[in-house]
Amino acid sequence: MSDAFLTHLRETLGRIEAEGMMKSEREITSPQGARVAVAGRDLINLCANNYLGLADHPALIAAATQAMADHGYGMASVRFICGTQDLHRALEQRLAAFLGTEDSILFAACFDANGALFEPLLGPEDAVISDALNHASIIDGIRLCKAKRYRYANSDMADLEAQLQAARADGARHIMIATDGVFSMDGYLAKLPEIRALADRYDALVMVDDCHATGFMGPQGQGTPAHFGIRADILTGTLGKALGGALGGYIAGPQPVVDLLRQRARPYLFSNALPPAVVAAGLAALDLVEQGDDLRTRLFDNARYWRAGLTEAGFDLLDGEHPIIPVMLYDARKAQAMAQRLYELGVYVSGFFFPVVPKGRARIRTQMNAALSRDDLDEALAAFTQAGRDTGVLS
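S.K.: Describe the sheet that holds strand S11 (residues 249-253), listing the residues and the values that go with them.
M.R.: Spatial strand order, S3-S11-S10-S9-S6-S4-S5: seven strands in an open sheet with mixed pairing. Every other strand in the sheet has two partners, leaving strand S3 (103-107) and strand S5 (148-152) as the edge strands with one partner each. Put simply, the sheet's adjacent strands are angled 20° from each other on average, direction ignored. Packing against the sheet, helix H7 (residues 157-169) makes contact with strand S4 (127-131), S5 and strand S6 (175-180), and its axis sits at approximately 160° to S5. Contacts between helix H10 (residues 255-264) and the sheet are confined to S3, strand S10 (234-238) and S11, with S3 contributing the most and set at about 30° to the helix.

S.K.: Outline the pairing of strand S1 (residues 35-38), listing residues and values.
M.R.: Burial of the side chains of S1 is restricted to one face: Val36 and Val38 are buried, whereas none of Arg35 and Ala37 on the reverse face is. Bridge count between S1 and strand S2 (residues 41-45): four bridges; the pairing is antiparallel. Its bridge partner lying in S2, Val36 is registered against Leu43. Adjacent in sequence and paired antiparallel, S1 and S2 are bridged by two residues, among which Ala39 carries a positive phi angle near 50°.

S.K.: Give a description of H10 that names residues and reports values.
M.R.: Those residues of H10 that fall on the buried side of the exposure criterion are Val257, Val258, Leu261 and Arg262. Viewed along the axis of H10, the buried residues span an arc of 135°, placing them on a single side of the element. With respect to the buried face of H10, the exposed residues turned more than 90 degrees away are Pro256, Gln263 and Arg264.

S.K.: Residue-level account of the nonpolar core, with values.
M.R.: In terms of nonpolar packing, the biggest core is built from 93 residues, with Leu46, Trp306 and Phe384 touching the most fellow members. Per element, the largest residue contribution to this core is 10 residues, and it comes from helix H12 (residues 276-290). Residues within four places of Trp306 in sequence aside, it is in contact with Leu46, Ile325, Thr366, Met368, Leu377, Ala380, Leu381 and Phe384.

S.K.: Can you explain the packing of aromatic side chains? Please cite residues and give values.
M.R.: Counted according to the given criterion, the structure contains five aromatic pairs. A ring pair is formed by Phe315 and Phe384, whose centres lie 5.8 Å apart and whose planes are at 85°; its orientation type is edge-to-face. Of this pair, Phe315 sits in the loop between helix H13 (293-313) and strand S12 (324-330) while Phe384 sits in helix H15 (residues 374-391), and the two are 69 residues apart along the sequence. On the basis of relative accessibility, which here comes to 7%, the residue Phe315 falls in the buried class. Of the residues examined, Phe384 reaches a relative accessible area of 0% and is grouped as buried. Each residue in the set Tyr51, Phe216 and Phe300 is aromatic and connected to the rest through ring pairs, giving one cluster.

S.K.: So what's going on with the sheet that holds S2? Which residues, and what values?
M.R.: The sheet built from three strands is open, its strands ordered S1-S2-S13 with mixed pairing. This sheet does not close on itself; its edge strands, each paired only once, are S1 and strand S13 (347-348). The strands touched by helix H14 (residues 332-344) within the sheet are S1, S2 and S13, with S2 carrying the most contacts at an inclination of about 130°.

How each quantity is defined
Residues numbered from 1 in each chain as written. Predicted model: local features only at pLDDT ≥ 70, side-chain atom pairs only at ≥ 80, totals over all residues. Heavy atoms only, no water. Pairing = 2+ DSSP bridges. Helix = DSSP H or I, 4+ residues; strand = E, 2+ residues; numbered from the N terminus. Axes fitted to C-alpha atoms, helices over the stretch in contact; angles between N-to-C directions. Contact = heavy atoms within 4.5 Å. Buried < 20%, exposed > 50% of the residue type's maximum accessible area, 1.4 Å probe, protein only. Arc of directions from axis to C-beta. Core = buried A, V, L, I, M, F, W, Y, C linked by side-chain atoms within 4.5 Å. Phe/Tyr/Trp six-rings, centres within 6.5 Å; stacked < 30°, edge-to-face > 60°.

Now the structure itself:
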């Protein structure tokens, strides 16, 4: 590799660091949980997507262990060659039943699912209309397809209708509206009832990425469409958050959609099948989720308690009802300093800043989970108050 190229990379990294936007990683030496061990210290964990606390659940560990004994460690193949086991189809059918769709199809991650979705389904005669704050995977997936692209301001229904009118005026054959069910940096829910109504008015499809909702939003945790009592045409989601926290994504929808994706979705056709242990644990997670009203109650009780405590302490929060509760700091360096001080005080959080969020919108995104105790939350609130004073966030 040329010295000039390496110098260019070092200079880029130097600029990132000088702007206070260098991301760092800490090595966890314990299972993921409400508390984690880092460098020999026990820390309260407030930044995992482990909403229901299932990442270290004994039932999932047992299911994964048994699957390795019965079905092996890895598939060493893609699905259509010799990578499909009975477990894969069992999970796909179980997910479809849980979500109320005809079928589903598994991917290595929801990033792959969103990357796979648009190209096989939409051609140059079609249109896709995307919320401006959609996840990067939706944005990348749309870039890969040949459909005409439109974008509407975040949750702005007047703008969405204007884009639908523009797509119809441009002669679009089929129109798909793509949105996150929950916008993960803010914890805001998409306006799915209004989106569904507009889609029906303009004969459009609705695709929802429900990664930050499946398992805990709506009846039995069926997600944001169920939460609002509306129908989404296509759902994408993950096993990597509330459903055990490992890896794996899916697309769920009508049978012809799933069948065509099996034939044409490139991340599906050219990626190894999910390992048996992950698939078996996903099935076990769905068992727990379907019977998990107590976990969901505890999760949202924790979220209300945490939000009230931060508000009383004087922090600037984004409004919302979701277990994602962002503490707004606006400056990247301040977010880094606050996260570091909290680490010193025994709380694991991460600063979020550009390019993860827009410039000038830096924050610490706290996330509740059902495994956190009230003592954990009280200890964390005291640490937040101390760190806020120490860093000048609180007066």
